[in-house]
Amino acid sequence: MKISIQINASPYQHQAADTAWHFIQAALEAGHEVYRVFFYHDGIFNACRDSRPPGDERDIVKRWSALQSEKGVDLVVCVSSAQRRGLLEKSVAKKVGGYIHAVADGFRIAGLGLLMESVIESDRHLTFGA
Amino acid sequence: MKISIQINASPYQHQAADTAWHFIQAALEAGHEVYRVFFYHDGIFNACRDSRPPGDERDIVKRWSALQSEKGVDLVVCVSSAQRRGLLEKSVAKKVGGYIHAVADGFRIAGLGLLMESVIESDRHLTFGA
Amino acid sequence: MLYIVNKKGEVLKDCVERLTSHDVILLIEDAVLAAVKTSPSSVISTLASDISVYALRSDMKARGLDAQRCYERIQYVDYAGFVELVENNKPVRSCF
Amino acid sequence: MLYIVNKKGEVLKDCVERLTSHDVILLIEDAVLAAVKTSPSSVISTLASDISVYALRSDMKARGLDAQRCYERIQYVDYAGFVELVENNKPVRSCF
Amino acid sequence: MNLIGTLPLVLDVKTLFFIINKGLQGNVCGQEFLDIILMAAAFDQKVVVLFEGDGVNALLKNQQPECLNLKNMMPVLDTLPVYDINDVIVEKESMEVYGLTENELAIKAAVVSRSDIKKRLRSADHLFGF
Amino acid sequence: MNLIGTLPLVLDVKTLFFIINKGLQGNVCGQEFLDIILMAAAFDQKVVVLFEGDGVNALLKNQQPECLNLKNMMPVLDTLPVYDINDVIVEKESMEVYGLTENELAIKAAVVSRSDIKKRLRSADHLFGF
């Protein structure tokens, strides 16, 4: 089964990002394909490269990066949600050669078209919100 | 009357930052003193320097900066909330000579002590949340 | 004591259950929906008469609600009135 | 049809009012509090018997709730069971 | 970085229900939700927009969010037919809760009972909320 | 940038009520709220911690958030007396809602009726929630 995931809430302030992550682990273990994780609304803050939780706590951003590097799950941050909220700034991106310095490893930036594609190609679409 | 304000929610996703701003305008007009605005939890995202809402919409971050420059209201971002969520990163701050490149003009970074001082010195403390 | 409430569901209900004589409650943001008379979730009708109920006018206007659809007991304030309520009541509880 | 619910107040109530025969509901995050028998806000007891009610075990455990305090009709799943519910039901509605 | 992504040439047509059960004013989530709806239409999907619960108030005439410097969503709702989104339904029971009649609605929408909506929902591929 | 701020040498003593009416597990807000409580004690304020509503469940023994990689707040609650925070009260009516008895509570707390709590609340200078 192909599963599409959408995350609407910021990490730490809400459990949504935790629940989604545990769900994805279980889905992959059961042999399903996670077609894409799309970060929307405040969900884009899951991609904050500079997030530094205290050392004795889970690091939500790093956990997402690992999901991409180890399991190849596609992580997409909505460009318009991110620009509104200050995760990305075009002039900065030009200077530093891309958005790669704002978002953590393993995330890519794209528009809502990639959410739609994910939804259309998948058997299920789950939204995790606040 | 001295009023202390605490903002717990991210801008745009919730009305809290809007309501607080309108309240503060009215309080200042009525001759009250706003002792401090303290940004806590996801409220720290109100200070995102790079936030770029579409041109036909209110710019919440700029509105806060103006409140500081025009009315002298003290805007304080909680350092631990901000580090957890990725608004600030110590190694970056060292390189660029301070946090000034992460937070917008008019905000300063500090610990919970400044919230406590604000509360103790004020006649009222109002929290605006999600 | 002043309660500032911004949601109409459980948040408002929890608050209303704890109101006592001469308390003041101000509905802001999405809580103004509870001012509508027909709303079944509106616990406003259950309040004792010695409790003052206010709603923030701009939040009503933003949502297209007019006073005719709302409980007669509700009083309306603008932000200046919001500030006065805060000035005249202590302590203030923000319920969100 | 599967409903995934993460809050126990109005969100759960709105969802429960729309459940029909053979629907499945899964309580996650703070919604697991609605599984507690004594909770007055728990609308679980009002559900028809042909509706299946599940709760996510790890969210119960995290909050110190054990099955003895909860409605007997509730079935418990871990994340693997959560995935199976998603696999076996269509469409899925996330209520938050 | 690729902002559009590589899309397959031919995509399936799925039935997508977009459920608006909260007001559209006060925060940006409703606004960003409408963006998803428009994107779904641009992808030629079968789009149904459903107003229920508190969401029926989003259809009220004379909403004036401008008084709080908030964006009015009514022009976007007015645009739905332009995007060939004509399957707009409102739950009858929720209208009764708020004492609304059909001629008080700002846009054209079919008033449908909860049980009939449920029959339609069962045939959907994916459900979206915010 | 000044992380501590300049504090007056002598601060007033105010009566501060901290109301926990939500669970402390699942997100970081409860945890960050406890930080404010500890800071208030460090400032030698008169601190009262009140558990009511869903918040009474935060006092349950045997909470195991570690199973979701979440931080357990019980060690912090255990620490309250160390910070001279001894005025911890639980609303009787809320305990009844969840069928809890006094010996099921993980920490020492006085069970007080709603009406008696209200009398105490009225004497507070500031109320905090999250």
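Each remark here, short or long, concerns the structure printed above.
The rules behind the values
- Within every chain, residues take consecutive numbers counted from 1 along the sequence as written.
- To read the labels, note that chains go from A and ligands from 1, taken in the order they are written.
- Whole-chain, interface and lining totals are the exception, using all residues; otherwise, since this is a predicted model, local features are given only for residues with pLDDT of at least 70 and side-chain atom pairs are given and counted only at 80 or more.
- Side-chain metrics rest on all non-hydrogen atoms present in the structure, leaving aside hydrogens and water.
- Per the convention used, a helix needs a DSSP run of H or I reaching at least four residues, while a strand needs a run of E reaching at least two, with both numbered from the N terminus.
- Radius of gyration: C-alpha atoms only; globule rule: 2.2 Å multiplied by the number of residues to the exponent 0.38.
- Per-residue accessibility, obtained with a 1.4 Å probe over protein chains only, is compared with the maximum for each type, and a residue is labelled buried under 20%, exposed over 50%, and partly exposed between these values.
- Whether two residues are in contact is decided by their heavy atoms: any pair within 4.5 Å suffices.
- Whenever Lys or Arg places a side-chain nitrogen within 4 Å of a carboxyl oxygen from Asp or Glu, that contact is recorded as a salt bridge.
- Polar contacts, as used here, are pairs of N or O atoms within 3.5 Å; protein pairs need one atom able to donate a hydrogen and one able to accept it. Residues neighboring in sequence count only if both atoms are side-chain atoms.
- Throughout, the ten residues Ala, Val, Leu, Ile, Met, Phe, Trp, Tyr, Cys and Pro are labelled nonpolar, Asp, Glu, Lys and Arg are labelled charged, and all others, Gly among them, are labelled polar.
- Disulfide: a pair of cysteine sulfur atoms within 2.5 Å of each other.
- Residue types Ala, Val, Leu, Ile, Met, Phe, Trp, Tyr and Cys, when buried and joined through side-chain atoms within 4.5 Å, form a set referred to as a nonpolar core.
- We define buried area as the total accessible area lost by two parts upon association, computed with a 1.4 Å probe and summed across both.
- Note on definitions: angles span 0 to 180 degrees between N-to-C directions of axes, and those axes are lines fitted to C-alpha atoms, for helices only across the stretch in contact.
- Roughly parallel means an angle under 35 degrees; roughly antiparallel, over 145; roughly perpendicular, 65 to 115; everything else is oblique.
- Each helix crossing is assigned a hand: it is left-handed if the near helix lies turned anticlockwise from the far helix by less than a right angle, otherwise right-handed if that turn is clockwise.
- Pairing of aromatic rings covers Phe, Tyr and Trp, the last counted by its six-membered ring, and requires centre-to-centre distances within 6.5 Å; plane angles under 30 degrees mean stacked, over 60 mean edge-to-face, and any other angle means tilted.
- By definition, being over a ring means that NZ of Lys or CZ of Arg is both within 6 Å of the ring centre and within 35 degrees of the ring normal.
- One requirement defines pairing of two strands: DSSP has to find at least two bridges between them.

Some points on the overall build of chain E
Looking only at helices and strands, chain E features 4 helices and 5 strands. Each helix and strand of chain E, ordered N terminal to C terminal, gives the series β-α-β-α-β-α-β-α-β. Computed over its C-alpha atoms, the radius of gyration of chain E comes to 15 Å, within 12% of the 14 Å expected for a compact globule of 130 residues. C-alpha extents for chain E along the principal axes are approximately 45 × 40 × 25 Å. Looking at chain E as a whole, 55% of its 130 residues are labelled buried. For chain E, the share of sequence-separated contacts (at least 6 apart) that also reach a separation of at least 24 residues comes to 72%.

With respect to unusual backbone geometry
Omega for the peptide link from Lys-90 of chain C to Pro-91 of chain C comes to -5°, which places this bond in the cis form. Position of Pro-91 of chain C among the secondary structure elements: in the loop between helix 3 (79–88) and strand 5 (92–95). Even without glycine at this site, Asn-62 of chain F takes up a positive phi of about 65°. Note that Asn-62 of chain F resides in the loop between strand 2 (46–51) and helix 2 (74–79). Look at Asn-62 of chain F and you get exposed, because its relative accessible area is 58%.

Examining the interface of chain E and chain A
Much of the literature gives interface size as the accessible area that the parts lose upon coming together. Taken together, the contact pairs 27 residues of chain E with 24 residues of chain A. Remark: the boundary between chain E and chain A carries 2 salt bridges. The closest approach of N and O atoms between Arg-85 of chain A and Glu-32 of chain E, which form a salt bridge, is 3.0 Å. Linking chain E to chain A there are 9 residue pairs in polar contact (both at pLDDT 80 or more). For the side of chain E that touches chain A, the secondary structure elements donating two or more residues are helix 1 (29–42) and strand 5 (126–128) of chain E. Of the residues assigned to the side of chain E that touches chain A, the class counts are 16 nonpolar, 7 polar and 4 charged.

Brief notes about the state of the cysteines
Tallied over the entire structure, the rule returns 0 disulfides over all chains. With no disulfide of its own, Cys-78 of chain A has Cys-29 of chain E as its nearest cysteine by sulfur position, at a separation of 12 Å. Cys-78 of chain A sits in the buried class, given a relative accessible area of 0%.

Looking at the nonpolar core
Counting 110 residues, the largest nonpolar core has Phe-23 and Trp-64 of chain A, Phe-23 and Trp-64 of chain B, Phe-82 of chain C together with Phe-82 of chain D as its most contacted members. Sequence-distant contacts of Phe-23 of chain A, that is, excluding residues within four places in its chain, are made with Ile-3, Ile-5, Leu-126 and Phe-128 of chain A together with Tyr-79, Phe-82, Val-83 and Val-86 of chain D. One finds Leu-115 of chain B, Tyr-3 and Leu-12 of chain D together with Leu-34 of chain F within the second-largest nonpolar core, a separate group that totals 85 residues.

A short note on the interface of chain C and chain B
At the junction of the two partners, chain C supplies 18 residues and chain B supplies 17 residues. Between chain C and chain B lies a buried interface of about 1,500 Å² when both sides are counted; carbon and sulfur atoms form 62% of it. The largest contributions to the chain C side of the interface with chain B come from Tyr-79, Val-83 and Phe-96 of chain C, which together make up 37% of the buried area. For the interface between chain C and chain B, the tally reads 0 salt bridges. One can count 10 residue pairs in polar contact (both at pLDDT 80 or more) joining chain C with chain B. Secondary-structure elements contributing two or more residues to the side of chain C that touches chain B are helix 3 and strand 5 of chain C. Here the residues of the side of chain C that touches chain B are counted per class, giving 9 nonpolar, 3 polar and 6 charged.

Description of the packing of helix 1 (residues 16–29) of chain B against helix 2 (residues 60–71) of chain B
Relative placement of two packed helices is described by the angle separating their axes and the distance separating the axes. Residues and elements named next belong to chain B. Look at helix 1 against helix 2: their axes get within 11 Å of each other, and the N-to-C directions meet at 20°. In this view, helix 1 runs roughly parallel relative to helix 2, as classed from their interaxial angle. Every pair of crossing elements has a handedness; the one defined by helix 1 and helix 2 is left-handed. Here helix 1 contributes Ala-17, Asp-18, Ala-20, Trp-21, Ile-24, Gln-25 and Leu-28 to the contact with helix 2, which in turn contributes Ile-60, Arg-63, Trp-64, Leu-67 and Lys-71. In the contact of helix 1 with helix 2, the residues fall into 8 nonpolar, 1 polar and 3 charged.

Considering the packing of aromatic side chains
Per the stated rule, a full pass over the model turns up 19 aromatic pairs over all chains. Ring pairing ties together the aromatic residues Phe-23 and Phe-128 of chain A together with Tyr-79 and Phe-82 of chain D, which thus form one cluster. Sitting above the plane of the Tyr-12 of chain B ring, Arg-84 of chain A keeps its charged end 5.6 Å from the centroid.

Focus on the sheet that holds strand 1 (residues 2–5) of chain D
In a beta sheet, neighbouring strands are held together by backbone hydrogen bonds and run either parallel or antiparallel to one another. All names here are of chain D. Judged by pairing direction, the sheet is parallel, and its 5 strands sit side by side in the order 4-3-2-1-5 without closing on themselves. The open sheet has two free edges, formed respectively by strand 4 (75–77) and strand 5 (92–95), since each of these has just one partner strand. Across this sheet, the average inter-strand angle for adjacent strands is 25°, counted without regard to direction. Pairing analysis gives 3 bridges linking strand 3 (residues 52–56) to strand 4, with the strands arranged parallel. The residue of strand 4 that forms the bridge with Ala-55 is Tyr-76. Packed on one face of the sheet, helix 3 (residues 79–88) meets strand 1, strand 2 (24–27), strand 3, strand 4 and strand 5 and runs near 105° to strand 4.

Looking at the arrangement of the chains
Spatially, chain A and chain C are disjoint, and the shortest separation between their C-alpha atoms is 14 Å. Kept free of each other, chain E and chain F leave a smallest C-alpha distance of 19 Å between them.

Regarding the side chain of Asp-42 of chain A
Along the chain, Asp-42 of chain A falls in the loop between strand 2 (33–39) and helix 2 (60–71). Exposure remark for Asp-42 of chain A: the relative accessible area of 2% places this residue in the buried category. In terms of polar contacts, Asp-42 of chain A uses its side chain to reach the side chain of Ser-10 of chain B, at 2.3 Å. Other than its neighbours up to four places away in sequence, Asp-42 of chain A contacts Asn-8, Ala-9, Ser-10 and Arg-85 of chain A together with Ser-10, Gln-13 and Asp-42 of chain B.

Looking at the environment of Val-76 of chain A
All names here are of chain A. Relative to the helices and strands, Val-76 is located in strand 3 (residues 75–78). Placed 36 residues apart in sequence, Val-76 and Leu-112 show a C-alpha to C-alpha distance of 9.6 Å. Ignoring sequence-local partners within four residues, the contact set of Val-76 consists of Arg-36, Val-37, Phe-38, Phe-39, Arg-108, Ala-110 and Leu-114.

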